[in-house]
Amino acid sequence: MRALDLKLMRDLWRMRGQALAIAVVLAAASATFILSAGVHRSMTITRDAYYATNHFTDVTANMTRAPSSIVGRAARIEGVQEAQGSIIQYAILDYPDRVDAVRALLQSVDENGRDRINVVTLKSGRMPAQGQPGEVVIDEAFALANDVSEGHEVDAIIYGRKLRLKVVGVGLAPNYVNALAPGDIIPDDTRFGVLWIGREALEAATDRSQAINTLTVK
């Protein structure tokens with residue numbers, strides 16, 4: 001065995017360039033794998049913590065219209081920890097200088113901050129105030145893509161009627177990490193965004209007084 005060991009060492013020395021290259025490739029591959037695994041674990045922990053902190057929904061049911069009382073019925077179902085009703089409505093944002101259509105999803109929020117599911121995290125500004133029907137919080141990705149900040153105003157066309165909106169905050173929510181417009185394959189933050197608006201304002205704009213069209217459950 002000693003003779004074979006010596007032969008092996010001599011062979012490796014003669015091919016020292018190739019052997020060193022192989023060792024470097026293996027070391028780089030191992031280091032990349034370890035770093036990737038660490039980053040993946042860190043991102044997974046961060047994602048889970050974000051979803052838990054902001055109470056990401058387990059079940060979402062969309063409908064055309066339902067009375068608000070259905071939320072209480074859903075909350076009494078065995079295994080349901082919490083239920084919440086809201087209104088969502090697609091709208092067109094009127095930008096006269098834009099050739100392509102800019103769409104938005106208006107999501108109702110409680111003006112008194114009583115939402116407990118899919119809680120909006122503010123990056124800047126504040127939430128819509130009660131009695132201010134045009135105030136909205138805009139999705140962070142849409143705000144960055146369109147250079148929008150607090151104080152920006154735009155008309156939203158809902159059911160053929162215009163509603164003047166004023167941005168009072170920028171935020172994000174766990175159910176809209178990637179906002180995808182209907183019919184699109186990939187997100188396009190320049191042409192589609194999410195806006196959170198007061199519940200009373202969206203009820204009036206969509207004629208859904210004491211009614212909902214989305215039920216979320218944990």
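Residues numbered from 1 in each chain as written. Predicted model: local features only at pLDDT ≥ 70, side-chain atom pairs only at ≥ 80, totals over all residues. Heavy atoms only, no water.

Draft legend 1. Up close: the sheet that holds strand E2 (residues 83–86). One open sheet holds the three strands; their spatial order is E1-E10-E2, and the pairing between them is antiparallel. The open sheet has two edge strands with one neighbour each: strand E1 (59–67) and E2. For this sheet the average axis-to-axis angle between neighbouring strands, irrespective of direction, equals 25°. (Pairing = 2+ DSSP bridges. Helix = DSSP H or I, 4+ residues; strand = E, 2+ residues; numbered from the N terminus. Axes fitted to C-alpha atoms, helices over the stretch in contact; angles between N-to-C directions.)

Draft legend 2. Summary view of unusual backbone geometry. In the Ramachandran plot, Tyr159 falls in the positive-phi region, its phi being about 55° despite a non-glycine side chain. In the Ramachandran plot, Asp207 falls in the positive-phi region, its phi being about 55° despite a non-glycine side chain.

Draft legend 3. Main features of the pattern of salt bridges. The full count for this structure, using the stated rule, is 14 salt bridges. For Asp110, the salt bridge is made with Arg114, and the minimal N-O distance between the two is 3.2 Å. Between Asp184 and Arg191 there is a salt bridge, with its nearest N and O atoms 3.9 Å apart. A residue is classified by how much of its surface remains accessible, and Arg191, at 27% relative accessible area, is partly exposed. Linked through salt bridges whose partners overlap, the residues forming this network are Arg103, Asp184, Asp188 and Arg191. (Salt bridge = Lys/Arg side-chain N within 4 Å of Asp/Glu carboxyl O. Buried < 20%, exposed > 50% of the residue type's maximum accessible area, 1.4 Å probe, protein only.)

Draft legend 4. Region of the structure containing a nonpolar patch on the surface. On the surface, Leu8, Met9 and Leu12 cluster together into a nonpolar patch covering about 290 Å² of accessible area. Residue placement: Leu12 occurs in helix H1 (residues 2–14). (Patch = residues over 30% accessible without salt bridge, like charges linked within 9 Å, V, L, I, M, F, W, Y side chains within 5 Å. Areas by Shrake-Rupley, 256 points an atom, 1.4 Å probe, with all protein chains shown as cover.)

Draft legend 5. Here's a closer look at the nonpolar core. Among the nonpolar cores identified, the biggest contains 23 residues, and Leu93, Leu106, Ile138, Leu165, Leu195 and Ile197 are the most heavily contacted of them. Elements that contribute at least two residues to this core include exactly strand E3 (88–94), strand E4 (102–109), strand E6 (135–139), helix H4 (140–146), strand E7 (153–158), strand E8 (161–172), strand E9 (192–198) and helix H5 (199–206). By size, the runner-up hydrophobic cluster in this structure holds twelve residues, among which are Ile88, Leu105, Tyr176 and Ala179. (Core = buried A, V, L, I, M, F, W, Y, C linked by side-chain atoms within 4.5 Å.)

Draft legend 6. How the structure looks around the packing of aromatic side chains. A full pass over the atoms with the stated rule returns four aromatic pairs. Between Tyr50 and Tyr51, the aromatic rings sit 5.9 Å apart at their centres with planes inclined by 40°, giving tilted as the arrangement. By relative accessible area, which is 24% here, Tyr51 ends up partly exposed. Residues Tyr90 and Phe192 carry aromatic rings whose centres are separated by 6.4 Å and whose planes lie at 35° to one another, so their mutual orientation is tilted. One end of the pair, Tyr90, is in strand E3; the other, Phe192, is in strand E9, with 102 residues separating them in the sequence. With relative accessibility at 41%, the residue Tyr90 sits in the partly exposed group. Overall, the relative accessible area of 3% leaves Phe192 in the buried class. Clustering of aromatic rings is evident, with ring pairs tying together Tyr50, Tyr51 and Phe56. The ring of Tyr95 carries the charged tip of Arg98 above its face, separated from the ring centre by 5.8 Å. (Phe/Tyr/Trp six-rings, centres within 6.5 Å; stacked < 30°, edge-to-face > 60°. Lys NZ or Arg CZ within 6 Å of the ring centre and 35° of its normal.)

Draft legend 7. View of the pairing of E3. Inspection of the sheet shows E3 paired to E4 by six bridges, in the antiparallel sense. When the sheet's bridge partners are listed, Leu93 is paired in E4 with Val102. With three bridges connecting them, E3 and E7 associate as antiparallel partners. Following the sheet pairing, Ile92 is matched in E7 by Ile157.

Draft legend 8. Seen up close, the side chain of Gln84. Looking at the secondary structure, you find Gln84 in strand E2. Among the polar contacts listed, one links the side chain of Gln84 to the backbone nitrogen of Arg116, at a separation of 2.8 Å. Separated by 3.2 Å, the side chain of Gln84 and the backbone nitrogen of Ile117 make a polar contact. Apart from residues lying up to four places away in sequence, Gln84 is in contact with Val71, Asp115, Arg116, Ile117, Thr214, Leu215 and Thr216. (Polar contact = N/O pair within 3.5 Å; in protein donor to acceptor, adjacent residues only side chain to side chain. Contact = heavy atoms within 4.5 Å.)

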